[in-house]
Amino acid sequence: MKPHFFLFALASTTLTHAAVEQIAGAPVTEAVSEPFSVAFDSKGVLHGVEFTKSNRVFKLDGGKLSFIAGVQHSEEEKGTKKSTEVNDGAEPLKAIFNGMHDIQITRDDRAYIGDSFHNRVRLLDLASGRVSTIAGTGAAGFSGDGGPATAATFSTTMTATLSPDQKRIYIADIGNSRTRMIDLASGIVTTVAGNGKKGLPADDSNALDAPMGDTRAVTQADDGTLYVLLRGGNSLVAVKDGKARTVVNAAGKQGYGGDGGPARDALMSGPKYVAMDSNQNVLICDTENHCIRRYVPKTGVIELIAGSPPKSGAKIGGTLLETQLKRPHGVRIGPDGKLYIADTYNNRVLRSDYR
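Residues numbered from 1 in each chain as written. Predicted model: local features only at pLDDT ≥ 70, side-chain atom pairs only at ≥ 80, totals over all residues. Heavy atoms only, no water.

Asks: If you had to explain the environment of Ile-188 to someone new, which residues and values would you point to?
Replies: Along the chain, Ile-188 turns up in the loop between β12 (178-183) and β13 (189-193). A relative accessible area of 27% places Ile-188 in the partly exposed class. The contacts of Ile-188, once residues within four sequence positions are left out, are Gly-146, Gly-147, Pro-148, Met-181, Ile-182 and Asp-183. (Helix = DSSP H or I, 4+ residues; strand = E, 2+ residues; numbered from the N terminus. Buried < 20%, exposed > 50% of the residue type's maximum accessible area, 1.4 Å probe, protein only. Contact = heavy atoms within 4.5 Å.)

Asks: Mind laying out the state of the cysteines, listing which residues take part and the relevant values?
Replies: The term disulfide refers to a covalent linkage connecting the sulfur atoms of a pair of cysteines. A complete count under the given rule lists zero disulfides for this structure. Unpaired in this structure, Cys-285 has its nearest cysteine sulfur neighbour in Cys-291, at a distance of 9.0 Å. Under the relative-accessibility criterion, Cys-285 is labelled buried at 0%. (Disulfide = S-S within 2.5 Å.)

Asks: So what's going on with the side chain of Glu-34? Which residues, and what values?
Replies: Relative to the helices and strands, Glu-34 is located in the loop between β1 (5-7) and β2 (35-40). Buried within the structure, Glu-34 lacks any salt-bridge partner; Lys-53 is the closest side chain of opposite charge, at an N-O distance of 4.1 Å. In contact with Glu-34, other than residues within four places in its own chain, are Val-49, Glu-50, Phe-51, Thr-52, Lys-53, Thr-344, Tyr-345 and Asn-347. (Lys, Arg positive; Asp, Glu negative; His and termini not counted. Salt bridge = Lys/Arg side-chain N within 4 Å of Asp/Glu carboxyl O.)

Asks: A description of the pattern of salt bridges should follow, citing residues and the corresponding values.
Replies: Summed over the entire model, instances satisfying the criterion amount to 18 salt bridges. As a salt-bridge pair, Glu-288 and Arg-327 come within 2.9 Å of each other at their nearest N and O atoms. Taken together, the residues span a long stretch of sequence, with Glu-288 in the loop between β20 (282-286) and β21 (291-296) and Arg-327 in the loop between β22 (301-307) and β23 (330-333) at a distance of 39 residues. A single salt-bridge network, built from bridges that share partners, covers Asp-88, Asp-115 and Arg-122.

Asks: Report on the packing of aromatic side chains, specifying residues and quantitative values.
Replies: Enumeration according to the criterion identifies four aromatic pairs in this entry. Here Phe-36 and Phe-51 contribute two aromatic rings whose centre-to-centre distance is 4.3 Å and whose plane-to-plane angle is 15°, an arrangement assigned as stacked. Linking Phe-36 in strand β2 with Phe-51 in the loop between β3 (46-50) and β4 (57-61), this pair joins segments that are 15 residues apart in sequence. As far as the burial class goes, Phe-36 and Phe-51 line up, both buried. Taken together, a centroid distance of 6.3 Å and an interplanar angle of 65° make the contact between Tyr-227 and Tyr-295 edge-to-face. Here Tyr-227 is found in strand β16 (residues 226-230), whereas its partner Tyr-295 is found in strand β21, with 68 residues between them in sequence. Of the residues examined, Tyr-295 reaches a relative accessible area of 6% and is grouped as buried. (Phe/Tyr/Trp six-rings, centres within 6.5 Å; stacked < 30°, edge-to-face > 60°.)

Asks: Explain the confidence of the model for the chain to me, and be specific about the residues and the numbers.
Replies: Predicted confidence across the chain gives a mean pLDDT of 90, with 89% of residues reaching 70 or more. In the predicted structure, residues 1-24 sits below a pLDDT of 50 and forms 71 contacts with residues beyond four places in sequence or in another chain. (pLDDT = per-residue confidence, 0-100.)

Shown next, in the form of structure tokens:
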């Protein structure tokens with residue numbers, strides 16, 4: 001695989017010579033701070049969320065970077081978890097977020113945001129700019145299953161993953177070591193995986209009775225399989241028909257290795273995010289190994305697709321395998337079929353041809 005890529009490369013450029021161009025982020029445009037996740041609206045415009053230093057939602061349209069929601073925290077607040085106000089219903093630039101980890105956008109331009117340190121899922125209507133809460137009271141805890149998500153409590157809402165048909169949202173409720181689901185038609189929340197305990201599930205165990213410690217991210221395949229990423233277990237678990245099976249790093253050991261071989265034998269280190277590609281493969285941010293890997297369910301193999309693990313760095317090479325990453329926290333296939341990486345601690349987003 002020899003991808004050509006760009007930093008926020010949405011402007012009209014040629015990919016012929018594998019040139020690398022930075023067209024957003026200081027000094028070219030206003031900087032972004034710790035981008036954690038990116039997604040695309042119905043027009044193909046990229047949107048992303050920043051982590052705790054800035055807590056803003058940004059977009060890149062026609063090569064122009066702008067901030068569309070969120071109050072940048074004061075120097076005293078940066079990097080803290082103190083903010084409890086949310087300012088729902090206010091002007092979008094007066095809405096308050098705290099430690100966002102994820103953004104996903106529906107076909108009708110509703111952006112669902114994992115507002116993690118507020119213990120909520122927020123909704124940003126991209127047409128009106130209105131910000132509201134669809135899940136969580138703001139208090140940290142575990143309650144509310146079977147009732148309205150707005151009355152439920154969560155413990156650090158890491159992701160707000162849309163199902164393929166966009167009728168449900170799956171929440172990586174990491175503090176509760178559970179995956180929870182919101183039916184968007186009814187607003188009801190339920191738990192679909194994890195018993196609240198640390199550890200890895202036994203193969204073919206009942207998903208609701210199994211430990212899934214540090215549930216960090218979730219994605220769903222077209223066939224209904226849920227892929228649950230366990231940060232503390234350094235593993236990827238597949239949940240299908242109510243049964244759980246570890247498909248990457250069955251031993252749960254921290255480290256790096258196994259590319260090109262059986263994914264169950266591979267090692268990972270503090271993985272943080274997952275997303276599906278169009279071929280129903282699972283893209284994994286193996287964050288503390290500073291790389292992106294791909295799990296192929298049809299073969300059971302894991303592959304390295306970006307980064308120079310286990311080392312971090314900022315070098316931009318001619319291909320993604322020659323490029324260094326620094327703790328990436330987000331990955332997504334764009335509507336153009338290209339691969340986008342939130343290269344978080346290099347404060348940039350990369351774009352790549354993908355196949």
